[in-house]
Every structure is written in structure tokens, then in C-alpha cells.
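# Observations on the three-dimensional arrangement
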Amino acid sequence: MAIRSLLCTRKCLCDSFRLNPKLSINRFSACPLSTAVEQHNAGDNSYGDDTGDGESHSVTHVRMLETRASKLEEQVRDLTERYKRALADSDNVRKRTRKFVEDAKLFGIQSFCRDLVEVADLLEQTTGLADTGDVQTDPQGLKHVQGRLLDIFTKHGLEKMSPVGDTYDPYQHEIVCRMPAEGVEPGTITVVKQNGYKLHGRTIRHAHVGIAVKTQE
């Protein structure tokens, strides 16, 4: 019975194909065609999703770069302003320092000159007494002027050398004459022809001295 039913069904299908061939083609080809179309559309949709994700990622990356560039520009502006302020400050310091040096050169001896004015006054008074013929008071006035002048020298660190009896030192003394050594060691300073001076321990004028030398017998 089963075989007979199958044969009958086959015959019916063959008759149907002969009567309407288009129906058979559409019926058996519709499913594969629909499946291919659906797969193609699905592929297109998936490709579109990937493209959208890539564009979104690119936009985000560009925005991050723009934000970073904006921060860097702000830092550059801040550093530029700091540099300009530092440059202006250094220029002001340089100007003040130059002014200070110039003032020091001009007025560095102001105190010394103020004290010397007193000596000038004393000298003027002494010369006035000499002009009047008061010889007795003139030597006393000169001693007073000399003492006052030495006090001013000491006040400002200017020291008069007293090398008599000391050993000759080429850094402080200059030999202008030689004298026989009588009771002193050769090379000892025996006479001062011109006084030497030191300023705060530094020799500013060598003393012109005469030294003792050994006599030839």
C-alpha cells in the first residue's frame, strides 16, 4: 500500500509539472532565493553597523585630541606670561643694580670727603693765623691738623706704615737708598723717605725706604 501511495503521489506531481511548469519553479526556488536575499541584507546591515561604530570612534578620538590641544595651548600661554614677567623682573633688577653701582662709584667716598672737609677748615684757620704773623700758635695748629687727619685715616681704614726697624718687604716697601749697617742686621729698614699707606690691610702706596747693607772691610 505504501508503495502504491508513493507512486500515485509521484504521478500527481509529474502531472502538475506538465500542466503548470512556472508553479513548480517558483515553489521550489522561492525558499533558496529568499534565504540568499535575507543573508545578503543581513550582511549589508552588519557592515553598516561596523561603519557606524568606526565613525563614532573616530569622532571621539578627534574630540580627545582637540581637548588635549586646547590644554596645551593654555599651558603655553601661561608659560609665556610667566616668562615675560620673569624677564621684566630681571630687567628691573639689572637696572637697579646698575644704578646702585653708579651711585657707589659717585658717592662711595662721600663719608671720607665729609671728614676731610673738617681738615680743610683746620688748614684754613691755620693759614689764617700764619698770615697774621702769630707764629707761636701756628705749630700747634699744624699738629692739630695732622692729628685730626690721622684720626680720619684710621676711621676709614687707611693706615700709615711705620716700617723703621722692620725687615724689607717688596710688597710694602720700595728701596730708594742704602746705608751702612751699624748695629743692625743687613736688610733692616733704617730710614723712611716717603710714608706708605694701607687701606684695610692692602698696600695702596709703597713706603720709600732706605735699608742697611753690610759694609765691605
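Values in this document were obtained by computation on a predicted structure and should not be read as measured data. (Residues numbered from 1 in each chain as written. Predicted model: local features only at pLDDT ≥ 70, side-chain atom pairs only at ≥ 80, totals over all residues. Heavy atoms only, no water.)

Further remarks concern the overall build of the chain. When helices and strands are counted, the chain shows four helices and six strands. Going from N to C terminus, the chain has its helices and strands arranged as α-α-α-α-β-β-β-β-β-β. Carbon together with sulfur atoms contributes 57% to the accessible area of the chain, which is approximately 17,800 Å² in total. (Helix = DSSP H or I, 4+ residues; strand = E, 2+ residues; numbered from the N terminus. Areas by Shrake-Rupley, 256 points an atom, 1.4 Å probe, with all protein chains shown as cover.)

Attention now goes to unusual backbone geometry. The phi torsion of most residues other than glycine is negative, and most of the peptide bonds are trans. At histidine 200, a position not held by glycine, the phi torsion is positive, near 55°. Along the polypeptide, histidine 200 turns up in the loop between β4 (197–199) and β5 (202–205).

Pairing is antiparallel across the open sheet formed by three strands, whose spatial order is β1-β4-β5. The open sheet terminates on both sides in strands that have one partner only, identified here as β1 (158–160) and β5. Taking the axes of each pair of neighbouring strands and ignoring which way they run, one obtains an average angle of 35° across the sheet. In this sheet, β5 lies alongside β4 in antiparallel orientation, the contact comprising three bridges. Bridged to leucine 199 within β5 is arginine 202. (Pairing = 2+ DSSP bridges. Axes fitted to C-alpha atoms, helices over the stretch in contact; angles between N-to-C directions.)

Moving on, we come to the sheet that holds strand β6 (residues 207–213). Taking strand neighbours across the sheet as the criterion, the three strands line up as β2-β6-β3 in an open arrangement whose pairing is mixed. The sheet is open, and its two edges are formed by β2 (173–180) and β3 (189–194), each paired on a single side. Between one strand and the next, the sheet's axes are offset by a mean angle of 30°, whatever the strand orientation. Both β3 and β6 contribute to a ladder of four bridges, which runs antiparallel. Bridge pairing in β6 links glutamine 194 to histidine 208.

In total, this model carries four salt bridges according to the counting rule given. A salt bridge links arginine 94 to aspartate 91, with the shortest nitrogen-to-oxygen separation between them at 2.4 Å. Linking arginine 94 with aspartate 91, this pair stays in helix α2 (residues 21–107), spanning three residues, or about one helical turn. Look at aspartate 91 and you get partly exposed, because its relative accessible area is 24%. With a closest N to O distance of 3.4 Å, aspartate 91 and lysine 95 form a salt bridge. Taken together, the residues span about one helical turn, with aspartate 91 and lysine 95 both in helix α2 at a distance of four residues. (Salt bridge = Lys/Arg side-chain N within 4 Å of Asp/Glu carboxyl O. Buried < 20%, exposed > 50% of the residue type's maximum accessible area, 1.4 Å probe, protein only.)

Turning to the packing of aromatic side chains, a few remarks are in order. One pass over the full model with this rule turns up one aromatic pair. Consider the rings of phenylalanine 153 and tyrosine 197, whose centres lie 5.8 Å apart with planes at 80°: the pair is edge-to-face. In this pair, phenylalanine 153 sits in helix α4 (residues 137–155) while tyrosine 197 sits in strand β4, placing the two residues 44 residues apart along the sequence. For the residue pair phenylalanine 153 and tyrosine 197, the accessibility class agrees, reading buried in each case. (Phe/Tyr/Trp six-rings, centres within 6.5 Å; stacked < 30°, edge-to-face > 60°.)

Further remarks concern the confidence of the model for the chain. On average, residues of the chain score 76 in pLDDT, and 68% of them are at 70 or above. Within the chain, the element-level pLDDT minimum falls on helix α1 (residues 2–19), averaging 56, and the maximum on β6, averaging 92. Between residues 22–37, whose pLDDT stays under 50, and residues either more than four places distant or in other chains, the model counts three contacts. (pLDDT = per-residue confidence, 0-100. Contact = heavy atoms within 4.5 Å.)

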